[in-house]
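Chain by chain, the residues:
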Amino acid sequence: MRRFLTRHAHWLTVIPLPAYAPDLNPVEGVWAHVKRDLGNHVRVTVDQLTATIKTLLKRVQYRPDLIAGFLGQTELIIDPEPP
């Protein structure tokens, strides 16, 4: 990885993050949202559960405002300027 980063440093910006930082991970917000909605469903089989989760994730996919909110919660800069 270090060799790759060295070779591509002219166009690649690497920002080191802590090993565990759920507050910097927008996916944590997505899963919290899906789990909140999932609590209102009763499913008996794993296949039913899988179908329900896919449906809930599909709903998120079509809500760019919601996705922007998940990204905004991280307070990360989406398009950082190279140093």
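Residues numbered from 1 in each chain as written. Predicted model: local features only at pLDDT ≥ 70, side-chain atom pairs only at ≥ 80, totals over all residues. Heavy atoms only, no water.

### Some thoughts on the packing of helix 2 (residues 26–38) against helix 4 (residues 64–73)
- Orientation of helix 2 relative to helix 4, taken along the N-to-C sense of each, is 130°, at an axis distance of 7 Å. With respect to each other, helix 2 and helix 4 are oriented oblique. Crossing hand, helix 2 versus helix 4: right-handed. Taking contact as the criterion, the partners of Pro26, Gly29, Val30 and His33 in helix 2 are, on helix 4, Leu66, Phe70, Leu71 and Gln73.
- For the contact of helix 2 with helix 4, the residue count by class is five nonpolar, three polar and no charged. (Axes fitted to C-alpha atoms, helices over the stretch in contact; angles between N-to-C directions. Helix = DSSP H or I, 4+ residues; strand = E, 2+ residues; numbered from the N terminus. Parallel < 35°, antiparallel > 145°, perpendicular 65-115°, else oblique. Left-handed = near helix turned anticlockwise from the far one by under 90°. Contact = heavy atoms within 4.5 Å. Nonpolar A, V, L, I, M, F, W, Y, C, P; charged D, E, K, R; others polar.)

### Digging into the side chain of Thr74
- Structurally, Thr74 is set in the segment after helix 4.
- Given the relative accessible area of 7%, Thr74 is considered buried.
- At a separation of 2.5 Å, a polar atom in the side chain of Thr74 contacts the main-chain carbonyl oxygen of Leu71.
- Here Thr74 is in contact with Asp23, Leu24, Asn25 and Pro26, once residues within four sequence places are set aside. (Buried < 20%, exposed > 50% of the residue type's maximum accessible area, 1.4 Å probe, protein only. Polar contact = N/O pair within 3.5 Å; in protein donor to acceptor, adjacent residues only side chain to side chain.)

### Points about the environment of Leu49
- Tracing the backbone through its elements, the reader meets Leu49 in helix 3 (residues 46–61).
- Judged by its relative accessible area of 34%, Leu49 is partly exposed.
- Remark: the alpha-carbon pair of Leu49 and Ala19, spanning 30 residues in sequence, is separated by 31 Å.
- Beyond its immediate stretch of four places on either side in the chain, Leu49 contacts Leu38 and Arg43.

### Overview of the packing of helix 2 against helix 3
- Two elements in contact, helix 2 and helix 3, have axes whose closest approach is 10 Å; the angle formed by their N-to-C orientations is 125°. Put simply, helix 2 runs oblique to helix 3. Crossing handedness for the pair helix 2 and helix 3: right-handed. Contacts between helix 2 and helix 3 pair Val30, Trp31, His33, Val34, Asp37 and Leu38 from the former with Leu49, Thr52, Ile53, Leu56, Leu57 and Val60 from the latter.
- Broken down by class, the residue content of the contact of helix 2 with helix 3 amounts to nine nonpolar, two polar and one charged.

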